[in-house]
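Per-entry structural report
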Amino acid sequence: MIERIYILESVEPLTFYGVNNSHLQLIKNLFPKLRIVARGNVMKVIGEEAESEDFLQKIREIEKYCESYNSVTEDVIISIVKGEKILLQKQDNIIIYGINGKPIMSRSENQQKLVTGFDENDLVFAVGPAGSGKTYIAIALAVRALKNKQARRLILSRPAVEAGEKLGFLPGDTKDKLDPYLQPLYDALQEMIPSARLKEYIESNTIQIAPLAFMRGRTLNEAVIILDEAQNTTVQQIKMFLTRLGTNAKMIVTGDTTQIDLPPTAQSGLVHAMKLLEHVPGIARIKFTKKDIVRHKLVQRIVEAYEKSD
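A brief report on the enclosed structure follows. All values reported here derive from a predicted model rather than from experimental measurement.

1. Section: the packing of helix H5 (residues 109–120) against helix H6 (residues 134–147)
It is at 10 Å that the axes of H5 and H6 come closest, and there the two elements cross at 35°. In the crossing of H5 with H6, the sense of the turn from one axis to the other is right-handed. In this structure, H5 contributes Gln111, Leu114, Val115, Phe118 and Asp119 to the contact, and H6 contributes Lys134, Ile137, Ala138, Leu141 and Arg144. Counted by class, the contact of H5 with H6 contains 6 nonpolar, 1 polar and 3 charged residues.

Below is the structure:
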């Protein structure tokens, strides 16, 4: 009899073990000759060497499946343990699988152009109306790069421009004031990465979410960097941001030029950069339209009404 230890490194234990440890109990039933104990992300198995080795191999396969799809079912566990071939779901427009195995995919032609532009270029501008999926798809691409080890970290940023409200009157310190403003970025991440894993990434600075001002003076290597709401940057701010691009890094800049909250005398850095860099090679430019809006159907009608008013 030998004792072996296995550590779940890439999946959240709750997802792997199942609700009320249902998956864990199934695994124990499938390996009746072994004594299996699990606590947190550590699994201990006691039994004969050959049986234990087979168990560890199957657990690796189950974990790999769980990591790819952010979920696993009892049928999949049984098939893997029995050595049956798993038919993997393949769709060209699926970017990653989010929480509970939800497929996150491009849902319009321009969203797919953003995916292609990111794959083929180191800098991508994605500009268009609210609800067209610019930021959501950008963050999904960044998470995919992190999962596939194409990037060591994700850096998500927004300019801290007040859209009619005064940040100074919000309670708390600087972080407390800015966190609500950055919340849309957290919301997207929470749909793609299990909560415990996301907390670990943020605490280790693998994922950083910060106002644009925090980018000054940094060189960002081996990272995917996203600048959201870029229409609210000044010319100097967006120049500072774009020149942070380091080796083996990619940038996505998103914005909506119809929702500029800068003072009337200030020029939008996004508008300026799009014109200035129009003919620079190695940059993808995707212009979303109201046809790309994937939120509630009323959002498209609202955008159309404001376009007519303007």
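2. A few points about the sheet that holds strand E1 (residues 2–7)
Pairing is antiparallel across the open sheet formed by 3 strands, whose spatial order is E1-E3-E2. Sheet topology places E1 and strand E2 (35–39) at the edges, where each strand pairs with a single neighbour. Each strand axis lies, on average, 15° off the axis of its neighbour in the sheet, ignoring direction. With 5 bridges joining them, E2 and strand E3 (residues 42–47) adopt antiparallel strand pairing. Counterpart to Val37 in the pairing with E3 is Lys44. Packed on one face of the sheet, helix H3 (residues 49–69) meets E1, E2 and E3 and runs near 5° to E1.

3. Focus on the pairing of strand E10 (residues 250–255)
Regular strands show a simple pattern: their side chains alternate between the two faces of the sheet. Across the 6 residues of E10, 5 count as buried, placing the element largely inside the fold. The sheet contact formed by strand E9 (residues 223–227) and E10 spans 4 bridges and is parallel. Each bridged residue has a counterpart across the sheet, and for Val224 the counterpart in E10 is Lys250.

4. Some thoughts on the sheet that holds strand E6 (residues 123–127)
Taken in spatial order, the 6 strands line up as E8-E7-E9-E10-E6-E11 in an open sheet, and their pairing is parallel. Each edge of the open sheet is held by one strand with a lone partner, namely strand E8 (207–211) and strand E11 (283–287). Taken over all neighbouring pairs, the strand axes of this sheet differ in orientation by 15° on average, direction set aside. The pairing of strand E7 (residues 153–158) with E8 spans 5 bridges and is classified as parallel. Paired with Ser157 across the two strands is Ala210, which belongs to E8. Its contacts with the sheet place helix H10 (residues 269–276) against E6, E10 and E11, and it is angled at close to 125° to E6.

5. Considerations on the environment of Pro194
Residue placement: Pro194 occurs in the loop between helix H7 (174–190) and helix H8 (195–203). A residue is classified by how much of its surface remains accessible, and Pro194, at 11% relative accessible area, is buried. Here Pro194 is in contact with Glu12, Asn70 and Ile99, once residues within four sequence places are set aside.

6. Focus: the nonpolar core
Counting 37 residues, the largest nonpolar core has Leu114, Ile139, Leu189, Met192 and Ile207 as its most contacted members. Examining the composition of this core, we find that 9 residues originate from one element, H6, more than from any other. Residue contacts for Leu114: discarding those within four places in its chain leaves Val124, Ala126, Lys134, Ile137, Ala138, Leu141, Ile252, Ile286 and Phe288. Counting 27 residues, the second largest nonpolar core, distinct from the first, contains Phe16, Leu34, Tyr65 and Val81.

7. Details of the environment of Thr135
Note on placement: Thr135 falls in helix H6. Overall, Thr135 belongs to the buried group, its relative accessible area being 19%. Through-space distance from the C-alpha of Thr135 to that of Ser71 is 24 Å; in sequence the pair is 64 residues apart. Excluding its chain neighbours within four sequence positions, the residues that come into contact with Thr135 are Leu185, Asp228 and Thr254. Only 2.6 Å separates the side chain of Thr135 from the side chain of Asp228, close enough to count as a polar contact.

Reading guide: rules and limits
Residues numbered from 1 in each chain as written. Predicted model: local features only at pLDDT ≥ 70, side-chain atom pairs only at ≥ 80, totals over all residues. Heavy atoms only, no water. Axes fitted to C-alpha atoms, helices over the stretch in contact; angles between N-to-C directions. Helix = DSSP H or I, 4+ residues; strand = E, 2+ residues; numbered from the N terminus. Left-handed = near helix turned anticlockwise from the far one by under 90°. Contact = heavy atoms within 4.5 Å. Nonpolar A, V, L, I, M, F, W, Y, C, P; charged D, E, K, R; others polar. Pairing = 2+ DSSP bridges. Buried < 20%, exposed > 50% of the residue type's maximum accessible area, 1.4 Å probe, protein only. Core = buried A, V, L, I, M, F, W, Y, C linked by side-chain atoms within 4.5 Å. Polar contact = N/O pair within 3.5 Å; in protein donor to acceptor, adjacent residues only side chain to side chain.

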